[in-house]
Amino acid sequence: MTENAQQQPSEPNTELPTQYAPADVEGPLYERWVERGYFEADAKSDKPPFTVVIPPPNVTGSLHLGHAFEHTLIDALTRRKRMQGFETLWQPGMDHAGIATQNVVERELGKEGKSRHDLGREAFVERVWQWKAESGGQISGQMRRLGDGVAWSRERFTMDEGLSQSVQTIFKKLYDDELIYRAERIINWCPRCLTAISDIEVEYQDDDGELVSMKYGEGDDAIVVATTRAETMLGDTAVAVHPSDERYKHLVGKLIRLPLTERYIPVVADEHVDPEFGTGAVKVTPAHDPNDFEIGQRHNLPNIAVMDEHAVITVPGPFQGLDRLEARSAIVGALRAEGRIVAEKRPYSHSVGHCSRCKTTIEPRLSMQWWVKVGPLAKAAGDAVRDGRVKIHPQEMEKRYFDWVDNLHDWCISRQLWWGHRIPVWYGPNGEIVCVGPDDEAPTGDGWHQDTDVLDTWFSSGLWPFSTLGWPEQTESLAKFYPNSVLVTGYDILFFWVARMMMFGLYAMDGTPPFHTIALHGMVRDQFGKKMSKSFGNAVNPLDWMDKYGSDALRFTLARGANPGVDVPIGEDWVQGSRNFANKIWNATRFALMNGATVEGELPSAEELSATDRWILSRLNATVAEVDALYDDFQFAKLSDALFHFAWDEVFDWYVELSKTTFMAGGEPAKVSGRVLGEVLDVTLRLLHPIVPFVTETLWTTLTGGESVVIAEWPKAVSVPGAEAAGGFRDIAAEQEIEKLQQVITEVRRFRADQGLQPGQRVPARLTLDGTALAPHEAAIRQLLRLQPEGESFSATATLPVAGATVALDLSGTIDFVAERKRLAKDLAAAEKEKAQANGKLGNEAFLAKAPDNVVEKIRGRLAKADEDIARIQEQLNRLPEA
């Protein structure tokens, strides 16, 4: 056995069941891998490190297709690196998912007729920990189903003791460096979850609302503004116009009456206003709109909040106590009664933010919150990519990254929840503020209390690449495995999670970025390219497909669609096709073992190899080189496709078929081909293993007797005794020879099919191969094409010259040539009619001017198909003998 240096082979077991049953194989195999510690990583090892962190799934989550896709890619990378001799760490863990987890537990309490306030903070948090222990983390078991090769002994949770210490440490460090502060700003507020939420937790969709234009002021001082949120006008503190807008220059600096109130508000000039949009005048509500807040800051405007945390109006008067939507209708009605409504547009479709957890409409709200001053952190994150310390793949995604980090606003990190990392700040009775680090004693005594808010979940997950390795302690794992080698993640969280890890990693680790490469992938879509969603009815549970077709089939389908940074369409038919590929691998290996395929002993010398043997070994080495290059470029789709076509087409459909005559004949040539076939299968199974680990483990250990393909050596180019060469054995002449052989077989098969011959039907034939490289292959040609020797009465009714050879066939007695000519003539007439109709439409200028583009393209396709059919039928007619 060659190249399997890490293992001592036992006697191969050549017995395989007739059919591959994934359900019987996958579970026991995975548990064996875990028990033997194959996925664990040793910080004391002198091997070079390769580190990847899992994007931590929510503790509330279950495996969806997006997880399965991303995990397949990471698992493929780490399995290959492990086989290449790297000390490989795939770091697992889960995110505490503040809002999502708190919502789950609050719903459970609701079923008991209780709220979290009935329990109190301490008891509620204890209840959440209890829920996590009993029900959380089901995704871990599902990851095992998929075959994730993670270091389970190192599993972390963003709320465990070590990571909590990391969070408190970096908060204290940022606070002391004046990069964390507390201020009143506009935030995204969810009136249902009763907390600020991050930008990534806001989902925008087009909602039907209303656009109301209303008049402020009186007479010549009147001005018209428009809004979709009429209820906020109670908090207006100005009207803004552009400084250069001549229409309103006489009003700038004046006070105008705000309807429905006893207040007067100024007209201010501000560059933010677009004079071309609407009336060129905008109402300014600093406490309920982020842009208005900025205008208010520039003009020293007061901030008047008109709603409480439940989005209920608090302004004294007739609207007090109304929900925001009720107030909207009531206020428009009151304005209409005063003659203040100039125009109303309903329905008015516009983009509205919703809480991703509960779907409630987000309310921009002025609130006292904790913030990270991101300016210097974001600059460092941008510089790390610009100077090449971090590569983004594909490179065209760099622009999106720079657009984000170069324009970051300060980050609101406080959340009004009970579940999460509580902000480590204490307030004293006399206005004292103390930030407490993990080694500090918290203040005690009358009047001291801790901030009630918790930190944004993204704050703790932003520390993931180093906190999971023991930071702030200088551990062996941190020294060995930081920075991470690559981050594999979706482009959709490039801005949110990736940017935060970059900022925190560079800050905490003295300018060392958290990873060398950011490899971005797209989103999984249905087979029509549509986003998967329960509401669309096209969501798929990957476990269902794994149950039906096996985990390898799902993994191969996902990898084969994974072009860098591009969305991945997937349909059940494609998973079924991948299942067929796994079955093909199984059946071909089983056939090979039954016919003497082996890895025992050295490869035969070049002189002992047939042209077919030399061809497949040459193609094998070409495939090894191609797959390596594609892995290094994160081209999972291309490498999967290369492996599919090499295994199915070249090994199973050609080499195995061409070798059958050799195996049937027996003797020394059969032994040579058996050794070559064993080598080819050994290398092919190892190449396939990172993507389809289960079926390849079963087959490889059966073929080689090795302990496990998980710890086998990653393939290098095969060397052939007597033909050693840098880069491994290649034989271009043999490749060209077998290519001609394939041309002959393919062309004759096509002709047989065109004539309606059954695949197994034998036909007398005369082969003229003299003077060509195909002469040694006559037996294989006859075997594969079902061609019997010519008899005394042989009469060539069809002659096929191809690749320098000539194949003459006697079809008399198998085909009624008169009837066949009539059938082909009828088909030819139909094709010519189709061509004429298509040409007629494409030549009609009036039709082309009116027809949609897709219709025109369809007709062009029909024309191209008709041309192909005409050429094919005419060739068939020319090959038929005259009646």
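Residues numbered from 1 in each chain as written. Predicted model: local features only at pLDDT ≥ 70, side-chain atom pairs only at ≥ 80, totals over all residues. Heavy atoms only, no water.

Draft legend 1. Spotlight on the pattern of salt bridges. Taken as a whole and assessed by the stated rule, the structure comprises 50 salt bridges. Asp547 serves as the salt-bridge partner of Arg145, at 2.9 Å between the closest nitrogen and oxygen. Taken as a pair, Arg145 in helix α6 (residues 138–146) and Asp547 in helix α16 (residues 542–549) lie far apart in primary sequence, 402 residues in all. On the basis of relative accessibility, which here comes to 31%, the residue Arg145 falls in the partly exposed class. Note that Glu778 is salt-bridged to Arg782, the shortest N-O span being 3.1 Å. Within this pair, Glu778 and its partner Arg782 are both found in helix α24 (residues 778–785), separated by 4 residues, close to a single helical turn. Sharing partners across several salt bridges, the network here consists of Glu210, Arg336, Glu344 and Arg346. (Salt bridge = Lys/Arg side-chain N within 4 Å of Asp/Glu carboxyl O. Helix = DSSP H or I, 4+ residues; strand = E, 2+ residues; numbered from the N terminus. Buried < 20%, exposed > 50% of the residue type's maximum accessible area, 1.4 Å probe, protein only.)

Draft legend 2. Structural detail: the confidence of the model for the chain. Taken over all residues, the pLDDT of the chain has a mean of 92, while the share at 70 or more is 98%. Counting interchain partners and residues more than four positions distant, the pLDDT-below-50 stretch residues 1–6 has 26 contacts. (pLDDT = per-residue confidence, 0-100. Contact = heavy atoms within 4.5 Å.)

Draft legend 3. Seen up close, the pairing of strand β7 (residues 202–216). Two strands pair when backbone bridges link them, and β7 and strand β13 (residues 341–355) are joined in this way by 12 bridges, in the antiparallel orientation. Note on β13: the bridge partner recorded for Gln205 is Val352. Here β7 pairs with strand β8 (residues 223–227) via 5 bridges, running antiparallel. What sits directly across from Lys215, in β8, is Val224. In sequence, β7 turns back onto β8 through a hairpin of 6 residues, with Gly217 there showing a positive phi of about 80 degrees. (Pairing = 2+ DSSP bridges.)

Draft legend 4. Representation of the sheet that holds strand β29 (residues 805–809) within the structure. The strand order across the open sheet built from 4 strands is β27-β26-β29-β28, with neighbouring strands paired in mixed fashion. At either end of the open sheet lies a strand with only one pairing partner, and these are β27 (787–789) and β28 (798–802). Neighbouring strand axes in the sheet, compared pairwise and without regard to direction, differ in orientation by 40 degrees on average. The pairing of β28 with β29 spans 5 bridges and is classified as antiparallel. Note on β29: the bridge partner recorded for Val802 is Ala805. (Axes fitted to C-alpha atoms, helices over the stretch in contact; angles between N-to-C directions.)

Draft legend 5. Quick look at the nonpolar core. Among the nonpolar cores identified, the biggest contains 212 residues, and Ile170, Phe171, Phe459, Phe466, Met502 and Leu617 are the most heavily contacted of them. Beyond its immediate stretch of four places on either side in the chain, Phe459 contacts Val167, Ile170, Phe171, Leu174, Ile180, Val372, Trp411, Ile413 and Phe504. In terms of nonpolar packing, the next biggest core, distinct from the first, is built from 27 residues, Tyr216, Met233, Leu258 and Ala327 among them. (Core = buried A, V, L, I, M, F, W, Y, C linked by side-chain atoms within 4.5 Å.)

Draft legend 6. Examining helix α15 (residues 494–508) more closely. In this model α15 runs 20 Å from its N-terminal to its C-terminal C-alpha over 15 residues, within 8% of the 21 Å that 1.5 Å per residue would give. In terms of burial, α15 is a largely internal element, 15 of the 15 residues being buried. Phi turns positive, to about 55 degrees, at Asp510, one or two residues after α15. (Expected span 1.5 Å × (residues − 1).)

Draft legend 7. Layout of the packing of helix α17 (residues 551–560) against helix α20 (residues 636–665). For the pair α17 and α20, interaxial distance at closest approach is 7 Å and the crossing angle is 120 degrees. In this view, α17 runs oblique relative to α20, as classed from their interaxial angle. Taken together, the residues of α20 that come into contact with α17 (itself represented by Phe556, Ala559 and Arg560) are Phe636, Ala637, Ser640, Asp641, Phe644 and His645. (Parallel < 35°, antiparallel > 145°, perpendicular 65-115°, else oblique.)

Draft legend 8. The arrangement of helix α11 (residues 398–405) in detail. Every buried residue belonging to α11 is among Glu398, Tyr401, Phe402 and Val405, and all of these are buried. When α11 is viewed along its axis, its buried side chains cluster within an angular range of 95 degrees and face the same direction. Among the structural elements, α10 (375–386), β15 (391–393) and α15 are those in contact with the buried residues of α11. (Arc of directions from axis to C-beta.)

Draft legend 9. Summary view of the side chain of Asn188. Among the secondary structure elements, Asn188 is positioned in strand β5 (residues 180–190). When near neighbours in sequence (up to four residues on either side) are disregarded, Asn188 contacts Thr195, Ala196, Ile197, Ser198, Asp199, Val202, Ile362 and Glu363.

Draft legend 10. Molecular detail of the sheet that holds β7. Ordered by their spatial adjacency, 3 strands build an open sheet running β8-β7-β13, and the pairing between neighbours is antiparallel. If you trace the sheet from one side to the other, it starts and ends with β8 and β13, each paired once. If you compare each strand with its neighbour and ignore which way they point, the axes differ by 20 degrees on average. In the packing of helix α9 (residues 324–337) onto the sheet, the strands contacted are β7 and β13, and the crossing angle to β13 comes to about 165 degrees.

Draft legend 11. Highlighting a negative patch on the surface. On the surface, Asp439, Asp440, Glu441 and Glu473 cluster together into a negatively charged patch. With respect to the helices and strands, the residue Asp439 is situated in the loop between β19 (433–435) and β20 (449–450). Asp439 sits in the exposed class, given a relative accessible area of 73%. (Patch = residues over 30% accessible without salt bridge, like charges linked within 9 Å, V, L, I, M, F, W, Y side chains within 5 Å. Areas by Shrake-Rupley, 256 points an atom, 1.4 Å probe, with all protein chains shown as cover. Lys, Arg positive; Asp, Glu negative; His and termini not counted. Charge placed at Lys NZ, Arg CZ, Asp CG, Glu CD.)

Draft legend 12. Region of the structure containing the side chain of Gln416. For Gln416, the position within the fold is in the loop between β17 (414–415) and β18 (425–427). Side-chain polar atoms of Gln416 contact the side chain of Gln369, separated by 2.8 Å. Of the polar contacts made by the side chain of Gln416, one reaches the side chain of Asp453; its length is 2.9 Å. Gln416 has contacts with Arg116, Trp189, Leu194, Thr195, Ala196, Gln369 and Asp453, leaving out every residue within four places of it along the chain. (Polar contact = N/O pair within 3.5 Å; in protein donor to acceptor, adjacent residues only side chain to side chain.)

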